[in-house]
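What follows is the residue order along each chain.
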Amino acid sequence: PREYFKIHFKVRNEISFSKTNLQNYGQWVEKETIGSQQLAAMRGTVQLINLGSQLEYSPLTDLHAYEYDIGTFAPYVSLGLQVSYYTATATSTMGAMGTAGVTFPKYLIPSDGRPHGYSNESKAVFSGVMDIGTRYRLGTLSDLVLDLRFQYFSSDWVDGLNPNKEDFTENKSNDSLLWLTIGYIYYLGE
């Protein structure tokens, strides 16, 4: 069992950054109502810095042999925890958020100790991550990686929106994120 663990598992430490621009689309913004116009005018951004560790499992690959076997794949799954620092902003092209003429009504109601169902803030939260992906060995010190990740946050404010859960029961879960990453890894030493 100990040898199997050494061959198929590794701990991955990570620092990552992302920035996402947000805008409403679909049937609710296409109507000819003031509420639809308010939703269509809403904009947001979320910047995330993640720091954490994951336990990575490569069931089909001997990781020690992979290090020396150029041109091979190493599929994996992983599970981990991160501390995520987010900066969320919610704005409107119609004017200042927080007024009835500009802000969609559900975001004017106090929520979770805040004066509105939106917030422009920066905070740290915990998040859990699950990945599935593969590495492709390019050389003795480099890989290509394709990674699909699901990240679940311990807060519903990461995107800057959190309508009151008592009044708006459709808002059931904390925020989450799905990432698709294509990357290059360069190892600093053997």
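Further up the page is the structure itself.
In what follows, the accompanying structure is described. (Residues numbered from 1 in each chain as written. Predicted model: local features only at pLDDT ≥ 70, side-chain atom pairs only at ≥ 80, totals over all residues. Heavy atoms only, no water.)

Bringing the side chain of Thr 103 into the picture now. One can find Thr 103 in the loop between β3 (73-92) and β4 (121-139). The buried category is assigned to Thr 103, whose relative accessible area is 1%. At 2.7 Å, the side chain of Thr 103 and the backbone nitrogen of Gly 98 are in polar contact. Not counting chain neighbours up to four residues away, the residues in contact with Thr 103 comprise Gln 38, Ala 96, Met 97, Gly 98, Leu 108 and Tyr 118. (Helix = DSSP H or I, 4+ residues; strand = E, 2+ residues; numbered from the N terminus. Buried < 20%, exposed > 50% of the residue type's maximum accessible area, 1.4 Å probe, protein only. Polar contact = N/O pair within 3.5 Å; in protein donor to acceptor, adjacent residues only side chain to side chain. Contact = heavy atoms within 4.5 Å.)

This part takes up a nonpolar patch on the surface. Taken together, the side chains of Val 77, Leu 79, Met 130, Ile 132, Leu 146, Leu 148, Phe 150, Tyr 152, Leu 178, Leu 180 and Ile 182 present a nonpolar region at the surface, about 1100 Å² in accessible area. Elements represented by at least two residues in the nonpolar patch include exactly β3, β4, β5 (142-153) and β6 (176-186). Among the elements that line the nonpolar patch, the one with the most residues is β5, at four residues. Residue position: Phe 150 is located in strand β5. Exposure remark for Phe 150: the relative accessible area of 31% places this residue in the partly exposed category. (Patch = residues over 30% accessible without salt bridge, like charges linked within 9 Å, V, L, I, M, F, W, Y side chains within 5 Å. Areas by Shrake-Rupley, 256 points an atom, 1.4 Å probe, with all protein chains shown as cover. Salt bridge = Lys/Arg side-chain N within 4 Å of Asp/Glu carboxyl O.)

Quick look at helix α2 (residues 34-41) now. Buried within α2 are the following residues: Gly 35, Ser 36, Gln 38, Leu 39 and Ala 41. Tucked into the core, α2 has its buried residues touching β2 (42-57) and β3.

With a phi angle near 55 degrees, Asp 112 is a residue other than glycine that sits in the positive phi range. Mapped onto the elements of the fold, Asp 112 is located in the loop between β3 and β4. Since its relative accessible area comes to 54%, Asp 112 is described here as exposed.

With that settled, the discussion passes to the environment of Thr 99. Take Thr 99: it is sitting in the loop between β3 and β4. Taking C-alpha positions, Thr 99 is 16 Å from Ala 40, a pair spaced 59 residues apart along the chain. One polar contact links the side chain of Thr 99 to the main-chain carbonyl oxygen of Ala 96, over a distance of 3.4 Å.

Further remarks concern the sheet that holds β6. Taken in spatial order, the six strands of this open sheet run β1-β2-β3-β4-β5-β6, and their pairing is antiparallel. The sheet terminates laterally at β1 (9-23) and β6, the two strands that pair on one side only. Each strand of the sheet is rotated relative to its neighbour by a mean of 25 degrees, with strand direction disregarded. Pairing between β5 and β6: 11 bridges, direction antiparallel. The residue bridging Val 145 from the neighbouring strand is Gly 183, located in β6. Relative to the sheet, α2 contacts β1, β2 and β3, its axis offset from that of β2 by approximately 55 degrees. (Pairing = 2+ DSSP bridges. Axes fitted to C-alpha atoms, helices over the stretch in contact; angles between N-to-C directions.)

What follows concerns the side chain of Asp 143. One can find Asp 143 in strand β5. Engagement of the side chain of Asp 143 in a polar contact is seen with the side chain of Arg 137, the distance being 3.0 Å. The residues contacting Asp 143, other than those within four sequence positions of it, are Tyr 66, Arg 135, Tyr 136, Arg 137, Leu 138, Gly 183, Tyr 184, Ile 185 and Tyr 187.

For His 116, the position within the fold is in the loop between β3 and β4. For the pair formed by His 116 and Met 97, sequence separation is 19 residues and the distance between their alpha carbons is 9.7 Å. Contacts of His 116, omitting those with residues within four sequence positions, involve Gly 98, Tyr 107, Leu 108, Ile 109, Pro 110, Ser 111 and Trp 157.

Turning our attention to the pattern of salt bridges. Within this structure, the stated rule accounts for 12 salt bridges. For Arg 135, the salt bridge is made with Asp 143, and the minimal N-O distance between the two is 3.9 Å. Judged by its relative accessible area of 0%, Asp 143 is buried. Here Lys 165 makes a salt bridge to Asp 156, at a shortest N to O gap of 2.6 Å. Overall, Asp 156 belongs to the buried group, its relative accessible area being 4%.

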